[in-house]
Amino acid sequence: MILYTLILFLIAYLIGSVPTGVIFSRLFGQGDLQQQGSKNIGATNVSRVMGKKWGILTLLGDGLKGAAAVWMGQWGLCGLSGSAEYPLAFIAWGAFLGHCFPVYLRFKGGKGVATALGIFLVFNPLVVLLVIPIFLVTTYLGKYVSLGSMVSAVSFPILLLWLHYPSGTVLLSLFIALGILLKHHENIKRIIRGEEKSWN
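All values derive from a computational prediction rather than experimental measurement.

The rules we used
- Residues numbered from 1 in each chain as written.
- Predicted model: local features only at pLDDT ≥ 70, side-chain atom pairs only at ≥ 80, totals over all residues.
- Heavy atoms only, no water.
- Helix = DSSP H or I, 4+ residues; strand = E, 2+ residues; numbered from the N terminus.
- Rg over C-alpha atoms; globule rule 2.2 N^0.38 Å.
- Buried < 20%, exposed > 50% of the residue type's maximum accessible area, 1.4 Å probe, protein only.
- Areas by Shrake-Rupley, 256 points an atom, 1.4 Å probe, with all protein chains shown as cover.
- Polar contact = N/O pair within 3.5 Å; in protein donor to acceptor, adjacent residues only side chain to side chain.
- Expected span 1.5 Å × (residues − 1).
- Contact = heavy atoms within 4.5 Å.
- Phe/Tyr/Trp six-rings, centres within 6.5 Å; stacked < 30°, edge-to-face > 60°.
- Lys NZ or Arg CZ within 6 Å of the ring centre and 35° of its normal.
- Salt bridge = Lys/Arg side-chain N within 4 Å of Asp/Glu carboxyl O.
- Axes fitted to C-alpha atoms, helices over the stretch in contact; angles between N-to-C directions.
- Parallel < 35°, antiparallel > 145°, perpendicular 65-115°, else oblique.
- Left-handed = near helix turned anticlockwise from the far one by under 90°.
- Nonpolar A, V, L, I, M, F, W, Y, C, P; charged D, E, K, R; others polar.

(A) Expanded view of the overall build of the protein. A count of helical and extended segments in the protein gives 10 helices and 0 strands. Ordered by position in the sequence, the α and β elements of the protein form the string α-α-α-α-α-α-α-α-α-α. The C-alpha atoms of the protein give 17 Å as radius of gyration, which agrees with the globular expectation for 200 residues (16 Å, within 12%). For the C-alpha atoms alone, the extent of the protein along its principal axes is close to 50 × 40 × 25 Å. When the 200 residues of the protein are sorted by exposure, 46% land in the buried category. When the accessible surface of the protein is split by element, carbon and sulfur atoms take 72% of a total near 10,400 Å².

(B) Region of interest: the side chain of glutamine 34. Topologically, glutamine 34 is positioned in the loop between helix 2 (20-27) and helix 3 (43-50). Here lysine 108 takes part through its backbone oxygen, which lies 3.0 Å from a polar atom of the side chain of glutamine 34.

(C) Representation of helix 8 (residues 145-162). Counted at 1.5 Å a residue, the expected span for helix 8 with its 18 residues is 26 Å, and the 25 Å between its end C-alpha atoms agrees. Within the span of helix 8, buried status applies to Ser146, Gly148, Ser149, Met150, Ser152, Ala153, Ser155, Phe156, Pro157, Leu159 and Leu160. In this structure, the buried residues of helix 8 make contact with helix 6 (113-123), helix 7 (125-142), helix 9 (167-183) and helix 10 (185-193). Downstream of helix 8 by one or two residues, histidine 164 has phi in the positive range, about 60 degrees.

(D) Region of interest: the packing of aromatic side chains. Evaluated as defined, the whole model comprises 7 aromatic pairs. Here the aromatic rings of phenylalanine 90 and tryptophan 93 are separated by 6.4 Å at their centres, their planes lie at 40 degrees, and the arrangement is tilted. You can see phenylalanine 90 and its partner tryptophan 93 sitting in helix 5 (residues 85-100), 3 residues apart, about one turn around the helix. The partly exposed category is assigned to tryptophan 93, whose relative accessible area is 26%. Among the aromatic side chains, those forming a connected cluster through ring pairs are Phe9, Phe90, Trp93 and Phe175. Positioned over the ring face of tyrosine 140 is lysine 143, at 5.3 Å from the centre of the ring. Seen from the ring of phenylalanine 101, lysine 183 lies directly overhead, with NZ or CZ sitting 4.8 Å from the centre.

(E) Seen up close, helix 7. Compared with an ideal rise of 1.5 Å per residue, which puts 18 residues at 26 Å, helix 7 spans 25 Å between its outermost C-alpha atoms and is within 8% of the ideal. Just past helix 7, the residue lysine 143 takes up positive phi, approximately 75 degrees.

(F) Molecular detail of the pattern of salt bridges. By the definition in use, this model includes 4 salt bridges. When the shortest N-O distance is used, the salt bridge between aspartate 62 and lysine 65 registers 3.4 Å. Taken together, the residues aspartate 62 and lysine 65, both in helix 4 (residues 52-77) and 3 residues apart, mark about one turn of the helix. Taken as a pair, aspartate 62 and lysine 65 share a single burial class, namely buried.

(G) Up close: the packing of helix 1 (residues 2-17) against helix 4. In contact at an axis separation of 9 Å, helix 1 and helix 4 are set at 160 degrees when each is read in the N-to-C sense. Classified by the angle their axes make, helix 1 and helix 4 are roughly antiparallel. In the crossing of helix 1 with helix 4, the sense of the turn from one axis to the other is right-handed. Across the interface between the two elements, Tyr4, Thr5, Leu8, Ile11, Ala12, Ile15 and Gly16 of helix 1 pack against Lys65, Ala69, Met72, Gly76 and Leu77 of helix 4. Here the residues of the contact of helix 1 with helix 4 are counted per class, giving 8 nonpolar, 3 polar and 1 charged.

Honestly, it's all geometry; don't read function into it.
Structure follows, in structure tokens:
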């Protein structure tokens, strides 16, 4: 069970490592995304460099990576003896780590928000529906997509605890929230200095 879970974790990591935004930018003549705009590979920077259409497609692609990893884990663990709660959470975390630290880009990846969204859309779509308004309101009032992303990430474990979700899912959300906050450390500094780029 442990070895099998580790293999599925590695596959999920490789799925998460696929750099959607970088692929779009190179295929459609925008050059190296990591040398443009904020130099991030996520949907926000793709929107600034290539336009909103490509930003939305990148968001969907990055979210699909997370969802695909969970679906793979559910299929792969189906029928095995013992509880699949923690192994499945571990596999899902692999996709998140893959996006944040992709092997294909020398471990310089995105901030994991869209991939986390895809993960939780499969695990608990109700909580995603509750978090989306939090993201929209925080982003609109605070003027920063990064702020909305961080507040939303922190909201996940709080809501999951409130709704009495299984401990494995809550633990996964805590690790993902911490990862998103750490990946936004430069954004936090810019917000404090008043130098962060507004969403509008």
